[in-house]
Amino acid sequence: DELDRLESAGVRHLIFHLAHVNWIDSLGCGCLLKAALLSERHGKQATLVLASDKVRFSLRQLGIEERFIFATSIEKAREHYL
């Protein structure tokens, strides 16, 4: 619901800072996928900053890793939207 509210408010792409996320379950992956779809509707990709190997593994297992840009810092992530 929150992602729908953000889109209604004009948000067109999302950056998630995941430095403190050690693992992610299917609910979390579903939320990230919904964010990716929101960004894709507006010609962008959602960006994950400092995603751990475990998070990337989960996304890869679900076949959705390629839907995201991976960045090593917020500054690097912002470069994709300028």
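For clarity, every value in this text was computed on a predicted model and none was experimentally measured.

## What about the sheet that holds strand E2 (residues 46–49)?
Alright, step 1. Read across the sheet, 3 strands follow the order E1-E2-E3 without closing on themselves; strand pairing throughout is parallel. Since the sheet does not close on itself, it has two edges, and those belong to strand E1 (15–17) and strand E3 (68–71), each with one partner. Averaged over all adjacent pairs, the angle separating strand axes in this sheet is 25 degrees, with direction ignored.
Alright, step 2. Lying on the sheet, helix H2 (residues 26–41) is in contact with E1, E2 and E3; it crosses E2 at an angle near 135 degrees.

## A word on the packing of aromatic side chains
Alright, step 1. Scanning all chains against the criterion turns up 0 aromatic pairs.
Alright, step 2. Stacked on the ring of Phe70, the Lys or Arg Arg56 has its end atom at 3.7 Å from the ring centre.

## Some points on the environment of Asp1
Alright, step 1. Note that Asp1 resides in the segment before helix H1 (2–8).
Alright, step 2. Asp1 sits in the exposed class, given a relative accessible area of 80%.
Alright, step 3. Distance from Asp1 to Gly43, taken between C-alpha atoms, is 21 Å for residues 42 residues apart in sequence.

## Some details on the nonpolar core
Alright, step 1. Of all hydrophobic cores here, the largest spans 12 residues; its members are Leu18, Ile24, Cys29, Leu32, Ala36, Ala46, Leu48, Ala51, Val55, Leu59, Ile64 and Phe68.
Alright, step 2. Among the elements that line this core, the one with the most residues is H2, at 3 residues.
Alright, step 3. Once residues lying within four places of it in the same chain are set aside, the contact partners of Ile64 are Cys29, Leu33 and Leu59.

## Some words on the side chain of Ser73
Alright, step 1. Relative to the assigned elements, Ser73 resides in the loop between E3 and helix H4 (74–78).
Alright, step 2. Within the structure, the side chain of Ser73 is placed 3.0 Å from the backbone nitrogen of Lys76, a separation counted as a polar contact.

## Some words on helix H3 (residues 53–61)
A turn of α-helix holds 3.6 residues, and therefore any two residues three or four places apart point the same way.
Alright, step 1. For H3, the complete set of buried residues consists of Val55, Ser58 and Leu59. Taken down its axis, H3 places every buried residue within 95 degrees of arc, on the same side. The exposed set on the far side of H3, more than 90 degrees from its buried face, consists of Asp53, Lys54 and Gln61.
Alright, step 2. Next to the buried residues of H3 lie H2, E2 and E3.

Reading guide: rules and limits
- All residue numbers here refer to positions counted from 1 along the written sequence of the relevant chain.
- Under the rules for a predicted model, residues below a pLDDT of 70 receive no local features and side-chain atom pairs below 80 are neither given nor counted, while totals for whole chains, interfaces and linings still include all residues.
- Values reported for side chains reflect all heavy atoms of the structure, with hydrogen atoms and water molecules removed beforehand.
- For two strands to count as paired, DSSP must find a minimum of two bridges between them.
- Put simply, DSSP marks the helices as runs of H or I at least four residues long and the strands as runs of E at least two long, and each gets a number from the N terminus on.
- Between the N-to-C directions of two axes lies an angle of 0 to 180 degrees, each axis being a line fitted to C-alpha atoms and, for a helix, fitted only over the stretch in contact.
- A contact between two residues is defined here by any heavy atoms of the two lying within 4.5 Å.
- Side-chain rings of Phe, Tyr and Trp (the six-membered ring for Trp) are treated as a pair once their centres are within 6.5 Å; stacked means planes under 30 degrees apart, edge-to-face means over 60, and tilted covers the remaining angles.
- Two conditions define a charge located above a ring, namely a distance within 6 Å from the ring centre to NZ of Lys or CZ of Arg, and an angle within 35 degrees of the ring normal.
- Relative accessible area decides the class of each residue, using a 1.4 Å probe on protein chains only: under 20% of the type maximum gives buried, over 50% gives exposed, and in between gives partly exposed.
- Only buried residues count toward a nonpolar core. Its members are Ala, Val, Leu, Ile, Met, Phe, Trp, Tyr and Cys residues joined through side-chain atoms within 4.5 Å.
- As used in this structure description, the phrase polar contact means that two N or O atoms lie within 3.5 Å; if the pair is within protein, one of them must be able to donate a hydrogen and the other to accept it, and residues adjacent in sequence are counted only when both atoms belong to side chains.
- Each direction from the helix axis to a C-beta atom contributes to the arc, which is the arc of those directions.

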